[in-house]
Amino acid sequence: MNDKLRRGPLAALKRLTARQGGLAMLCYLLALAAWLALGAWNFAADALARADGALAEESIPVGDFQLVDVAAEADGWYAATSGDPQIILDNVDGRVVRTLSYAAEFDGEPREMCLYYTTAPGEPYSQDNRVFPTQAADGSYVYTLPRTALVSLRLDPCSPDENAAVRMRFDGGAITLNAAGALPGGLDYWLPSWYQAFCLILYPALAAAALSWLWACWRAVRQRKN
């Protein structure tokens, strides 16, 4: 039994951490394994949602949303009637929403654009729960939502200056949920963003440093007891 332990995983782990830089290598290997497992989990979750029909592309006419301080005009144009126009989907209604996207033109400076979301009934919209768009190669705006249960969405398409009127027109007169070109596919589930790559480099190193310090403290305590 002792021979098995000496040759088993625990012995290999002890040899690895005893090497210079071994603890850091172990932390990076664990981080890599966790990242690969997370990508596989997200891939499987999306595959199941597609099979159930919950993760489907859906184009919703702008007029079907709840419009707050947004007035419909002729020729498909909408005018912001305050500095805080809102386009609200107050009930996600069982959908799995990964992205919201649209192409639009503005006759003024839209300034800040963001998408708020709630995760519980009656929850107020909060700056802690919002995402900002990226602009795709075709010029459309894409908001990528976190992987959490969603209850409602509130798009703030623009934030006009005080006393400045901004009008907007949406391509096709609609906003799209889960546009096929905006959803991840294939290796996208495992390719980190720049921020995620930074975290994958930084946090294992911090964890290794913290564990090394704790190990040194534990050894010092043992030596004092002896």
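In what follows, the structure referred to is the one given above.
Let me sum up the structure you'll find in this document. What you see is a predicted model; the values in this text were computed from it and never measured.

### Here we look at the sheet that holds strand β4 (residues 77–80)
(1) Moving on: The four strands are arranged β3-β4-β13-β7 in an open sheet whose pairing can be described as antiparallel. Two strands in the sheet have a free side with no partner beyond their single neighbour: β3 (70–72) and β7 (104–106). Between one strand axis and the next, the sheet turns through 30 degrees on average, direction left out of account.
(2) Moving on: Pairing of β4 with strand β13 (residues 166–170) involves four bridges; the strand directions are antiparallel. Bridge assignment links A79 to a residue of β13, and that residue is R167.

### Here we look at the pattern of salt bridges
Where charged atoms from two side chains of opposite charge come close, those side chains can pair.
(1) Moving on: Counted by the stated rule, this structure contains nine salt bridges.
(2) Moving on: We note a salt bridge from R130 to E112, for which the minimum N-O separation is 3.6 Å. Here the residue R130 occupies a position in strand β9 (residues 130–131), and E112 occupies one in the loop between β7 and β8 (114–118), the gap between them amounting to 18 residues.
(3) Moving on: Among the ionic pairs, D156 bridges to R154, the shortest N-O distance being 2.9 Å. For the pair formed by D156 and R154, the shared burial category is buried.
(4) Moving on: Beyond isolated ion pairs, a larger network of salt bridges with shared partners links D46, R98 and R147.

### A look at a nonpolar patch on the surface
(1) Moving on: A cluster of nonpolar residues, Y195, F198, Y203 and L206, forms a patch on the protein surface that exposes about 490 Å² of accessible area.
(2) Moving on: Take F198: it is sitting in helix α4 (residues 194–225).

### Examining unusual backbone geometry
(1) Moving on: For D75, which is not glycine, the phi dihedral falls at a positive 60 degrees.
(2) Moving on: Along the chain, D75 falls in the loop between β3 and β4.
(3) Moving on: Judged by relative accessible area, D75 falls into the exposed class, the value being 67%.
(4) Moving on: With a phi angle near 60 degrees, R111 is a residue other than glycine that sits in the positive phi range.
(5) Moving on: On the accessibility criterion, R111 (44% relative accessible area) is partly exposed.

### Structural notes on α4
(1) Moving on: Between its first and last C-alpha atoms α4 spans 47 Å; for 32 residues at 1.5 Å apiece the expected length is 46 Å, and the two agree.
(2) Moving on: Restricting attention to buried positions, one finds in α4 the residues C199, P204 and A208.

### As for the pairing of strand β11 (residues 141–144)
(1) Moving on: Across four bridges, strand β6 (residues 99–102) lies against β11 in antiparallel orientation. Counterpart to S101 in the pairing with β11 is V142.
(2) Moving on: Where strand β10 (residues 134–135) and β11 come together, two bridges link them in antiparallel fashion. Pairing of T134 across the sheet is with V142, part of β11.
(3) Moving on: The loop that links β10 with its antiparallel partner β11 comprises five residues; one of these, G139, has a positive phi angle of about 90 degrees.

### Quick notes on the pairing of strand β5 (residues 86–89)
(1) Moving on: Residues Q86 and I88 point to one face of β5 and I87 and L89 to the other, with burial holding for every one of them.
(2) Moving on: Two elements, strand β2 (residues 66–68) and β5, share three bridges in a ladder whose sense is antiparallel. Residue pairing for β5: V68 is matched across the bridge by Q86.
(3) Moving on: By the bridge criterion, three bridges tie β5 to strand β12 (residues 152–156) in an arrangement that is antiparallel. Looking at the pairing, I87 lines up with L155 of β12.

Cut-offs applied
Residue positions are given per chain, counted from 1 along the sequence in the order it is written. Thresholds applied to this predicted model are a pLDDT of at least 70 for local features of residues and 80 or more for the giving and counting of side-chain atom pairs; totals over whole chains, interfaces and linings are not thresholded and use all residues. With hydrogens and water set aside, each side-chain value is computed from the structure's full complement of heavy atoms. Two strands make a pair as long as DSSP finds a minimum of two bridges between them. To qualify as a helix, a DSSP run of H or I must reach at least 4 residues; to qualify as a strand, a run of E must reach at least 2; elements of each kind are numbered from the N terminus. All axes here are fitted lines through C-alpha atoms, helices being fitted over the stretch that makes contact, and every angle between N-to-C directions spans 0 to 180 degrees. Salt bridge, as used here: a side-chain nitrogen of Lys or Arg that lies within 4 Å of a carboxyl oxygen of Asp or Glu. Burial here depends on accessible area, computed with a 1.4 Å probe over protein chains only, as a share of the maximum for the residue type. Under 20% is buried, over 50% is exposed, and the range in between is partly exposed. Patch membership needs two things, relative accessible area over 30% and no salt bridge, and members are linked within 9 Å if like-charged or within 5 Å if nonpolar (Val, Leu, Ile, Met, Phe, Trp, Tyr). Areas reported as accessible are Shrake-Rupley estimates using a 1.4 Å probe. Residue values count occlusion only from the protein chains shown. The length a helix should cover is 1.5 Å for every residue beyond the first.

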